[in-house]
Amino acid sequence: MNPTLTIAIPTWHNMSQLSDCITTLINYTRFPYQVMIVDNGSDASMAENSKDWPNYIHYVDPGQNLGWM
């Protein structure tokens, strides 16, 4: 089934709260969805952790801090 809802989560150096958020979405969201994590220049650990997420959670790294968050 194709997702009908996209949840965008901007983040910066916030793996602890982001992990809690992702866990909650996985455990309690039944509506077809996808998640776009938009990282604002965190360290490499964020990208490394994203490899363990389900395939409907997408990690976007613009490669630099864009000045938000």
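Residues numbered from 1 in each chain as written. Predicted model: local features only at pLDDT ≥ 70, side-chain atom pairs only at ≥ 80, totals over all residues. Heavy atoms only, no water.

A. Structural context of the sheet that holds strand β1 (residues 5-11). Pairing in this open sheet of three strands is parallel, and the strands run β1-β2-β3 from one edge to the other. The sheet is open, and its two borders are formed by β1 and β3 (57-60), each paired with just one other strand. Averaged over all pairs of adjacent strands, the angle between strand axes in this sheet comes to 20 degrees, irrespective of strand direction. (Pairing = 2+ DSSP bridges. Helix = DSSP H or I, 4+ residues; strand = E, 2+ residues; numbered from the N terminus. Axes fitted to C-alpha atoms, helices over the stretch in contact; angles between N-to-C directions.)

B. Broad picture of helix α1 (residues 15-28). For α1, with 14 residues, the first-to-last C-alpha span of 20 Å sits near the 20 Å given by 1.5 Å per residue. Taken as a whole, α1 has its buried residues at M15, L18, I22 and L25. Projection of α1 onto a plane perpendicular to its axis shows the buried side chains occupying an angular sector of 90 degrees, all on one side. Opposite the buried face of α1, at more than 90 degrees from it, the exposed residues are S16, Q17 and Y28. In this structure, the buried residues of α1 make contact with β1, β2 (33-39), α2 (44-50) and β3. (Expected span 1.5 Å × (residues − 1). Buried < 20%, exposed > 50% of the residue type's maximum accessible area, 1.4 Å probe, protein only. Arc of directions from axis to C-beta. Contact = heavy atoms within 4.5 Å.)

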